[in-house]
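Read off the chains here:
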Amino acid sequence: MKCAVYYGKQDLRVEERPVPRPGRGEVLVRVMACGVCGTDVHIFQGDPGAADCPPGTVPGHEFAGVIEAAGEGVTAFGPGDRVCVDPNKLCGECDFCRGGIGHFCEHMTGIGTTADGGFAEYCVVPQSQLYHVADSVPFEQAAMAEPVSCCLHGLDLCEVRPGSRAAVIGGGMIGLLMVQLLRLAGASFVALLEPVQAKRELGLRLGADVAIDSVHEDPAEALRRAGAGRLDTVIECAGLPVTVEQAIRIAGNRSVVMLFGLTKPDDAVSVKPFDLFRRELTIKASYINPYTMGRAVDLINAGRLDVHSMVAQAIPLSGLRDVLADPALRARGKYIVSFG
């Protein structure tokens, strides 16, 4: 089978490997689509993402496909089933798992980070990590269940309620998902801060009340003109120090500021503790997708989320390295490696 293998910083090679065989409790998935994520970029650049990726690993953790074969003891799935994958397998035995915060599992297997993942024609997956995909859902959309599940965890931590007023910074795939999820959660006002006009226009189509050019406009003044009032929630999705500081600046009194975007490991921001105190701000972060994958799949299967308008292009496996290496390409939107 063809697969993309990570060997070190900026060293990703497409090569041939034998098709793996599923063991007990595992299935062999014929991968149909795998999303290119910011974590994949961090891995390619030699930075740690949500987990370290050992050299020789096949990355890719946002994927969907068809079960080709099932190992002994697999009962809930069978050949021909259309599935997507939760890439984070918990050990279930460490203190974090037993304490209900399994996303900090000390022995987690990360399919596509610590173990071979979906940038391959075939991947072996434990049946515990599988979810059924509706026949009506294209595989490129089913592959988006993992980023949707991560967004759901971040939104849960924000404690958004019906009538909340929110702003999202960054109009990439994640930011546009957050705009939609805020609407589904009952937010009465949603602003999108994004410098690229096409992404602002898409944000408005997907439910934002106002889309602000955060480079050429003063966001605070633009929010005032739009009648935003006090923001309850600001969700930072760009992962840049400048946008993290911007999120804190525009937050309202007693607002939650969610640092969702993944910055580089050594990035730092300037924060004035007195300002946090005076406004009683809560700064939160969100780590992967604990216990939210089922909800994400249900939303996609039910057609409640648009997970395809922000996709720039489906590419062959041979084009993956170019996308990982070129920020200008990634700025166009989400890329999906398609094996269909």
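Our subject is the structure listed above.
How each quantity is defined
Sequence order sets the numbering: in each chain, residues are counted from 1 along the sequence as written. In keeping with the predicted nature of the model, local features appear solely for residues at pLDDT of at least 70, side-chain atom pairs appear and are counted solely at 80 or more, and the whole-chain, interface and lining totals rest on all residues. As a rule here, side-chain values come from all non-hydrogen atoms in the structure, and water together with hydrogens is ignored. Counting from the N terminus, the helices are the DSSP runs of H or I reaching at least four residues and the strands are the DSSP runs of E reaching at least two. Note on method: radius of gyration uses C-alpha positions; expected globular size equals 2.2 Å times residues raised to 0.38. Relative accessibility thresholds used throughout: buried, under 20% of the residue-type maximum; exposed, over 50%; partly exposed, between the two (1.4 Å probe, protein chains only). Any pair of residues with heavy atoms lying within 4.5 Å of one another is described as a contacting pair. The rule for pairing is simple: two strands pair if DSSP sees at least two bridges between them. Working convention: axes come from line fits to C-alpha atoms, limited for helices to the stretch in contact. Angles between N-to-C directions cover 0 to 180 degrees. Salt-bridge detection follows one rule: a side-chain nitrogen of Lys or Arg within 4 Å of a carboxyl oxygen of Asp or Glu. Reported orientations rely on four angle classes, namely roughly parallel under 35 degrees, roughly antiparallel over 145, roughly perpendicular from 65 to 115, and oblique for the rest. Take the far helix as the reference: if the near one is turned anticlockwise from it by less than a right angle, the crossing is left-handed, and if turned clockwise, right-handed. Residue type decides the class: Asp, Glu, Lys and Arg count as charged, Ala, Val, Leu, Ile, Met, Phe, Trp, Tyr, Cys and Pro as nonpolar, and the leftover types, Gly among them, as polar. For this analysis, a nonpolar core means a set of buried residues of the types Ala, Val, Leu, Ile, Met, Phe, Trp, Tyr and Cys, connected via side-chain atoms within 4.5 Å. Each pair of aromatic rings taken from Phe, Tyr and Trp, with Trp reduced to its six-membered ring, is defined by centres within 6.5 Å and is described as stacked if the planes are under 30 degrees apart, edge-to-face if over 60, and tilted in the remaining cases.

Q: Would you mind going over the overall build of the chain with me for this structure?
A: Helix and strand counts for the chain come out as twelve helices and 17 strands. What you see for the chain is a C-alpha radius of gyration of 20 Å, in line with the 20 Å of a compact globule of 340 residues. Its C-alpha atoms give the chain principal-axis dimensions of roughly 60 × 40 × 40 Å. Out of the 340 residues in the chain, the part that is buried amounts to 52%. Long-range pairs, those at least 24 residues apart, make up 71% of the contacts in the chain between residues at least 6 apart in sequence.

Q: Would you mind going over the sheet that holds strand β13 (residues 233–236) with me for this structure?
A: What holds strands together in a sheet is hydrogen bonding between their backbones, with the strands either parallel or antiparallel. Strand order across the open sheet formed by six strands is β12-β11-β10-β13-β14-β15, with parallel pairing between neighbours. On the outer flanks of this sheet lie β12 (210–212) and β15 (282–285), each paired with one strand and no other. Averaged over all neighbouring strand pairs, the angle between strand axes comes to 20°, with direction disregarded. The sheet strands contacting helix α4 (residues 145–158) are β13, β14 (256–259) and β15, and the helix crosses β14 at an angle near 160°. Across the sheet, helix α5 (residues 173–184) lies against β10 (165–169), β11 (189–193) and β13, angled at about 175° from β11, the strand it touches most.

Q: What should I look at first to understand unusual backbone geometry in this one?
A: Leaving glycine aside, a negative phi is the common case for residues, and trans is the common case for peptide bonds. Non-glycine residue E159 carries a positive phi angle of around 55°. Mapped onto the elements of the fold, E159 is located in the loop between α4 and β10.

Q: I tried to follow the pattern of salt bridges on my own but got confused; where do I start?
A: Overall, the coordinates contain 19 salt bridges when judged by the stated rule. For D47, the salt bridge goes to K264, with nearest N and O atoms at 3.0 Å. Of this pair, D47 sits in the loop between α1 (38–44) and β4 (62–70) while K264 sits in the loop between β14 and α9 (273–279), and the two are 217 residues apart along the sequence. Measuring nitrogen to oxygen at the nearest pair gives 2.8 Å for the salt bridge that ties K334 to E62. You can see K334 sitting in strand β17 (residues 334–338) and its partner E62 sitting in strand β4, a full 272 residues away along the chain.

Q: Teacher, can you tell me more about the packing of α4 against α5 here?
A: Angle between the axes and distance between the axes are the two parameters that describe a pair of packed helices. Orientation of α4 relative to α5, taken along the N-to-C sense of each, is 55°, at an axis distance of 10 Å. Of the possible angle classes, the one that applies to α4 and α5 is oblique. Of the two possible hands of crossing, α4 and α5 adopt the one that is right-handed. Together, P147, V148, C151, L152 and L155 of α4 and I174, L177, M178, L181 and L182 of α5 make up the contact between the two elements. In terms of residue class, the contact of α4 with α5 is built from ten nonpolar, no polar and no charged.

Q: Any chance you could explain the nonpolar core here in plain terms?
A: Here is a general trend for soluble globular proteins: nonpolar side chains tend to be buried in one another's company. Counting residues in each nonpolar core, the largest one holds 48 residues, and the members touching the most others are V148, L182, I235 and V307. Of all hydrophobic cores here, the second largest spans 38 residues; its members include A4, C123, L130 and I315.

Q: Please explain the packing of aromatic side chains as it appears in this structure.
A: The relative placement of two aromatic rings is captured by the distance of their centres and the angle of their planes. Counting across every chain of the model gives three aromatic pairs. The interplanar angle of 55° and the centroid separation of 6.2 Å between the aromatic rings of F96 and F104 together place this pair among those described as tilted. According to the relative accessible area criterion, F104 is partly exposed, its value standing at 38%. Relative to F277, the ring of F274 has its centre 5.6 Å away and its plane inclined at 50°; by these criteria the two rings are tilted. Taken together, the residues span about one helical turn, with F274 and F277 both in helix α9 at a distance of three residues.

Geometric values such as these leave the question of function open.
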